[in-house]
Amino acid sequence: MLITFDYHIHSYYSFDSLNKPLEIIKTALKKGINAISVTDHNTIKGSLEAKKLSKEYNILVITGIELKTDAGDLIILGIDEELKNYNFYEIIDIAYSNQWLTILPHPYVRHHLSGDFIKIVEKKVSAIEGFNCRAFSISNSKAIKLAEALKKPITAGSDAHLLKEIGNGINYILINTISEEDLFKGIKNGWIRIEAKHSNPLYHFSSSLIKVSKFFLRAI
């Protein structure tokens, strides 16, 4: 069977989003998405909140995070603890040893692509986000070429900071059962097809306003 998966979604636990986990789930279901991960910036709080609601709404929720490391962002799925280490190479080793699934998001946006970085990505990162719905076409084209060169599965990331963006990047994954284990297996084996479109650039502006508003509210 095919499962539809949107793994790159932000909630109000991110500094640039106002999405409530319950609203994320309801929006995903309305759009025919049956598996999601809330991957907030540097915290798993949003995904844990969504996970608690998953049985009630009959949706597969994978815990996740978009962690800002010293070499750029890294998405980790299946993670069950907060991480305070931001060294990319150490984080990759931790994720690899715990059998968490790792995705390199928008590799040509805010990443330091050194030779050592590429070697580790090739050896230990599970997949590469070939299409990020908020990234420019040229960045996505380069990301796809990188994934192909490293023989990595290619995923699509909605990078949804607004509810409207959920489902802009869909991953159709071939699985046997609707489970985290089979979903990870499908991605790692490349049993995946993506369908994605660019987000409206105005949405970027909206999330920037949210970021500024939250900054000032914290300062008050």
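In case you missed it, the structure is sitting above this.
Residues numbered from 1 in each chain as written. Predicted model: local features only at pLDDT ≥ 70, side-chain atom pairs only at ≥ 80, totals over all residues. Heavy atoms only, no water.

Let's shift gears to the overall build of the protein chain. A count of helices and strands for the protein chain gives 7 helices and 9 strands. Considered along the principal axes of its C-alpha atoms, the protein chain spans approximately 45 × 40 × 35 Å. Going through the 220 residues of the protein chain one by one, you find that 52% of them count as buried. Considering only intrachain contacts with a sequence separation of at least 6, the fraction spanning at least 24 residues in the protein chain is 70%. Element-wise, carbon and sulfur atoms account for 56% of the exposed surface of the protein chain, whose accessible area totals about 10700 Å². One finds the centroid of the 27 positive side-chain charges in the protein chain at a distance of 4 Å from the centroid of its 24 negative side-chain charges. (Helix = DSSP H or I, 4+ residues; strand = E, 2+ residues; numbered from the N terminus. Buried < 20%, exposed > 50% of the residue type's maximum accessible area, 1.4 Å probe, protein only. Contact = heavy atoms within 4.5 Å. Areas by Shrake-Rupley, 256 points an atom, 1.4 Å probe, with all protein chains shown as cover. Lys, Arg positive; Asp, Glu negative; His and termini not counted. Charge placed at Lys NZ, Arg CZ, Asp CG, Glu CD.)

At a minimum axis distance of 11 Å, the contact between helix H3 (residues 88-98) and helix H4 (residues 115-124) shows a crossing angle of 5°. One way to sum up the angle between H3 and H4 is to call them roughly parallel. Between H3, through Phe88, Tyr89, Ile92, Asp93 and Tyr96, and H4, the contact on the second element is made entirely by Asp116, Phe117, Ile120, Val121, Lys123 and Lys124. Considering only residue class, the contact of H3 with H4 consists of 7 nonpolar, no polar and 4 charged. (Axes fitted to C-alpha atoms, helices over the stretch in contact; angles between N-to-C directions. Parallel < 35°, antiparallel > 145°, perpendicular 65-115°, else oblique. Nonpolar A, V, L, I, M, F, W, Y, C, P; charged D, E, K, R; others polar.)

A few words now on helix H1 (residues 21-30). Among the residues making up H1, those that are buried are Pro21, Ile24, Ile25, Thr27 and Ala28. For H1, the buried positions fall inside an angular range of 165° around the axis, keeping them on one side. Buried-residue contacts for H1 involve strand E1 (2-9), strand E2 (35-38) and helix H2 (45-57). Gly32 lies just past H1 and shows a positive phi near 75°. (Arc of directions from axis to C-beta.)

The subject of this paragraph is the packing of aromatic side chains. All told, the structure shown has 4 aromatic pairs when counted by the stated rule. Taken together, a centroid distance of 6.0 Å and an interplanar angle of 45° make the contact between Phe5 and Tyr7 tilted. Among the residues examined, Phe5 registers a relative accessible area of 0% and is labelled buried. Assessed through its relative accessible area of 1%, Tyr7 is described here as buried. Note on Tyr12 and Tyr13: the rings are 5.0 Å apart at their centroids and 75° apart in plane angle, and the pair reads as edge-to-face. Put simply, the rings of Phe88, Tyr89 and Phe117 touch in pairs and so form one group of aromatic residues. The ring centre of Tyr96 lies 5.2 Å from the NZ or CZ of Lys124, which sits over that ring. The aromatic ring of Tyr172 is capped on one face by Arg193, whose charged end is 4.4 Å from the ring centroid. (Phe/Tyr/Trp six-rings, centres within 6.5 Å; stacked < 30°, edge-to-face > 60°. Lys NZ or Arg CZ within 6 Å of the ring centre and 35° of its normal.)

What follows is about the pairing of strand E3 (residues 60-69). Counting buried positions over the 10 residues of E3 gives 9, a clear majority of the element. Bridge count for E2 against E3 is 4 bridges, and the pairing is parallel. Its bridge partner lying in E3, Ala35 is registered against Leu60. For the crossover from E2 across H2 to E3, the handedness is right-handed. (Pairing = 2+ DSSP bridges. Right-handed = clockwise from strand over helix to strand, strands pointing away.)

Attention now moves to the nonpolar core. Ile76, Ile79, Leu83, Phe88, Val121 and Ile128 are the most contacted members of the largest nonpolar core, which has 21 residues in total. At the level of elements, E3, strand E4 (72-77), H3, H4 and helix H5 (137-149) are the ones that each hand at least two residues to this core. In terms of residue count, H3 provides more of this core than any other element does, 4 residues in total. In terms of nonpolar packing, the next biggest core, distinct from the first, is built from 17 residues, Ile62, Ile75, Ile103 and Ile187 among them. (Core = buried A, V, L, I, M, F, W, Y, C linked by side-chain atoms within 4.5 Å.)

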